[in-house]
Amino acid sequence: MSETLVAPDVLARVLNESMGRGADFAEVFVEDRAAQSASLDQRRIQELSSSRSRGAGVRVVVGETTGFAHTADLSESGLLAAARAAAAVARGGGGGVAEVALETLREHPSRAEVPPASVAKSAKIELMMRADEVARSRADAISQVQVGMSDSTRRFVVANSEGVFAADDQVRTRFAVSCVAVGDGGMQTGYRPLAATRGFEFLTPDAIEDAARGAADQALTKLSARPAPSGDLPVVLAGGSGGILFHEACGHGLEADAIMKQASVYAGKVGQRVASELVTLVDDGTMTGEWGYLAVDDEGRPGARNVLIENGVLTDYMWDYLRARKEGRASSGNGRRQSYQYLPMVRMTNTYLLAGDADADEIVAQIPRGVYVAQLGGGQVNTATGDFVFGATAAFLIENGRITTPLRDCNLIGNGPEVLKRVDAVATDFSTTPGTCGKDGQQVAVGCGQATMRLSGITIGGTSS
Amino acid sequence: MSELLDLARALLERATGAEEMEVFLARGVENEVRAYQGEVEDLSSSSSAEIGIRILVDGPQGARVGTAYAGSLDEGAVAEALANARDNARFATEDEFVAFARPDGVAAVAMDLVDPGVAATSMDEKVAMAIELERLVRGGDPRIRQVKGADYSDYLSEAAIVTTTGIAAGLERSGAYVSVEAIASAGDEDQTGWGLSVGRAPGELSLESAAADAIRRATRMLGAVKPPSAKGVAVFDPRTAATLWSIMGSALSGDAVVRGRSFFAGRLTETVASELVTLIDDPTDPRHFAASPFDAEGLASRRNELITRGRLDRFVYDTVSARRAGTASTGNAVRGGVSGSPTAGCRALQLVPGDYDQDEILRHVGQGVFVESITGVHSGVNPISGDFSVGITGLMIRDGVLAEPIREVTIASTLQRMLLDVVYVGRDLEWLPGLAAGQTLAVDGVTLSGS
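Residues numbered from 1 in each chain as written. Chains lettered and ligands numbered in written order. Predicted model: local features only at pLDDT ≥ 70, side-chain atom pairs only at ≥ 80, totals over all residues. Heavy atoms only, no water.

**Q** Provide a residue-level description of the nonpolar core, including the pertinent values.
**A** Counting residues in hydrophobic clusters, the biggest one holds 50 residues, and the most contacted among them are L245, F246, L254, Y266, I309 and M453 of chain A. When residues no more than four places from it in sequence are discounted, the contact partners of L254 of chain A are I259, Y266, L281, L308, I309, L314, Y317 and M318 of chain A. With 49 residues, the next largest nonpolar core counts W245, L252, L349 and L415 of chain B among its residues. (Core = buried A, V, L, I, M, F, W, Y, C linked by side-chain atoms within 4.5 Å. Buried < 20%, exposed > 50% of the residue type's maximum accessible area, 1.4 Å probe, protein only. Contact = heavy atoms within 4.5 Å.)

Below, the structure is given as structure tokens:
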């Protein structure tokens, strides 16, 4: 399968050419990505779209410098030209002769049971129409329903001057429903994504109808929403999307590129207490089927389960090849890139908080006044200061231990190391949620997860006192 | 240039008599350098070529469109994309409003958007700029502890959009950019600041101003505190004001309006903003970095006044949203790259400058909060409901001047109220990358949420 991308002897010659001017390391990454997407809006299938990108990225490392070039020309001459362009950083290098010997190819066929290409376009459309119908049937106040669907099959082979030779076949499928509801007080929105590193097998009628109902009901509920409070309050984050908190509060700050540049509040803190002892945080590329799952990362390193924080103590960072090499250690399987047109860097896979032993209802019942966040909608962090925000797209007041009035959308803001210490209850109801993580202009699929969890206090960015 | 246009035209000959076809070709070269600790950390130099094809077929209830993209102009890739676009068109729902753009008689403004400096400057000189930028920041203030990266990047690109309905638009542009993120420290505390300079060629860039901006922003945040919650005036600096106008722009999209997904829907001719607000979308203004003679459907760009002294005058339209709304395109088709389909969007926003410079505005405001950076725009701002809640860093305004720095706070209001609550507009218009220019802007009625 992967041999059809580029023959092994060609890859070896490209690596030899890359190393020829006296480089320390060279890598060629060849990718073939086919994707399909479709959208439904105002009860109409707007458009189906197909895309295909094939190409290779070559990187050459000389001392502290990385040279990079990419090409869509997968012929030997095209690849050699990219190799020479990337190797231009090795000016004045030795010009020695390199002989790269590749390992036996490690292949990882997709585990998709129903590959997207095997599903008729008409069947995909049926699923979207069904979601539209279910969402609209919830209430007349649902004024708009949008359904988006996309699938991608990303095959790649990566080979480097140390002999690494691996291939992966990543199939990802995504389905999302967005609704607008209209009421006396204006418009409100609801959103539910379904996404997995799987084929169409997980898009069952039940799952799709559930997403459609969820998106519609969220918009309808928010029609009676009041402005969110401002100031510090206890907050309970529901399982699943609440994991975005950890992605922002510490995930990015535990990426070794930020650590090595002393641009993270977590630099130099391995072995130290950085969170409440209820916090055990794991980044796990091996969670089969999850949105951030990978058999090997984009540098050919097997995906791994890495414990980052154990019972509140910082145990390790996340590493890619280059950062790990500088520290004389192995990569943790976190080297990822958006496509062959980008350099890999340290990225999360599926990042989650291990479940605790508290009861989810009890966690809420103990709060006299606070906020219950049922869905988070993304966030952003400054790793150097640790300050981060995350958005609540479905939230409620907690009054006298009960979940009451719905609240309008708002951001919450905190400082990573401070917030991690305020985790004072973690429940048993673990679940995960898919997301798209952006860093330095590159987007990759990541998963987040957690059980229902409580913070003793965090700042809510609303308008009411 | 005309070579790419010719190539695109030649591809149109593959359309059958029963279909309309649009071909969007783009080609470009890009260079990127990142300097770190006096050396090159990353250097990349790349070229790319892309094609987007749309096929439109008419039926009894309207037209159907199918789309495909390939990251290569090789014959195999183009043939596959064409076959896919054709197949995809079979599955869309027929829609009476769906159509490709047709020439509308508006002539494109001639614009020279290519500066030969990008091609004429050697890679060594570009590398030297990134290294010098880092040096200026590291050496510019003893409190600067680290520079995360000092980046230089540039591009030269060309594009062609042609259709069987008579559109033929060709475009070339160049750009160069430096940016730097500085970390200032005092004791255990770190603060960051970001500086940039943008131009059409390396010669237009000012390393000194990018460095000074990063240093000033990082160092003046040292000692930042979390202030108590309050309600009052927020003064946005030009950069954060530009972010605000970009958000407002998304609600002025005729597509969002006609689909009932904008809080501006149904409010044409009403007063939606303070009379200080005159908002213009003008991609024909060559000073704007988003300037371009054509929109993403190949229609001529034009100047559109959207809000005049607070009165909502116009939405922006592409061909399809205009047909849905019973009007004509305003030359505002935008797309997310070659693979995206056109939709309606603002392209080059600018607010007509006011009478005051920043110091005067601070003096008039007296007490409030000065906003220097915004986070969480994608998570806390909803252009459909109008809810607005973002994290900020900045400084308190006390007695008409900037006072202590603040962090870990949010500001919140609604987009609807903020427009009405604009109390001062600066004359310090700054041209920025992205779709909006910005100037100092004071908005009342904003809730600051802190300790």
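Next comes the rest of the description.
**Q** Mind laying out the sheet that holds strand β19 (residues 431-439) of chain A, listing which residues take part and the relevant values?
**A** All names here are of chain A. Read from one edge to the other, the open sheet built from six strands follows the order β10-β9-β8-β13-β20-β19, with strand pairing classed as mixed. Two strands close off the open sheet at either side, each with one partner strand: β10 (313-314) and β19. Here nine bridges tie β19 to strand β20 (residues 442-450), and the two strands are oriented antiparallel to one another. Its bridge partner being in β20, T436 is matched across the sheet by A445. (Pairing = 2+ DSSP bridges. Helix = DSSP H or I, 4+ residues; strand = E, 2+ residues; numbered from the N terminus.)

**Q** If you had to explain the sheet that holds strand β10 (residues 311-312) of chain B to someone new, which residues and values would you point to?
**A** All names here are of chain B. Pairing within the open sheet is antiparallel, and its four strands lie in the order β10-β9-β8-β13. In this open sheet, the two edge strands, each paired with only one partner strand, are β10 and β13 (349-351). In the sheet, strand β8 (residues 279-281) pairs with strand β9 (residues 304-308) via three bridges, with the strands oriented antiparallel. Each residue of the ladder has a partner; that of I280, found in β9, is E305.

**Q** Describe helix α2 (residues 76-87) of chain A, and please don't skip the residues or the numbers.
**A** Residue and element names in this part refer to chain A. End to end, α2 covers 16 Å across twelve residues, agreeing with the expected 16 Å (1.5 Å per residue, within 8%). When α2 is considered as a whole, its buried residues turn out to be G78, L79, L80, A82, A83, A86 and A87. Summarising the contacts, the buried residues of α2 are in contact with α1 (8-19), β2 (44-62) and β3 (65-71). (Expected span 1.5 Å × (residues − 1).)

**Q** So what's going on with the packing of helix α4 (residues 123-140) of chain B against helix α5 (residues 207-219) of chain B? Residues and values would help.
**A** Residues and elements named next belong to chain B. Contact geometry of α4 with α5 gives a least axis separation of 9 Å together with a crossing angle of 40°. Put simply, α4 runs oblique to α5. The handedness of the crossing between α4 and α5 comes out as right-handed. For the pair α4 and α5, the contacting residues are M129, E132, L133, L136, V137 and G140 in the first and L207, E208, A210, A211 and I215 in the second. The residue makeup of the contact of α4 with α5, split by class, is eight nonpolar, one polar and two charged. (Axes fitted to C-alpha atoms, helices over the stretch in contact; angles between N-to-C directions. Parallel < 35°, antiparallel > 145°, perpendicular 65-115°, else oblique. Left-handed = near helix turned anticlockwise from the far one by under 90°. Nonpolar A, V, L, I, M, F, W, Y, C, P; charged D, E, K, R; others polar.)

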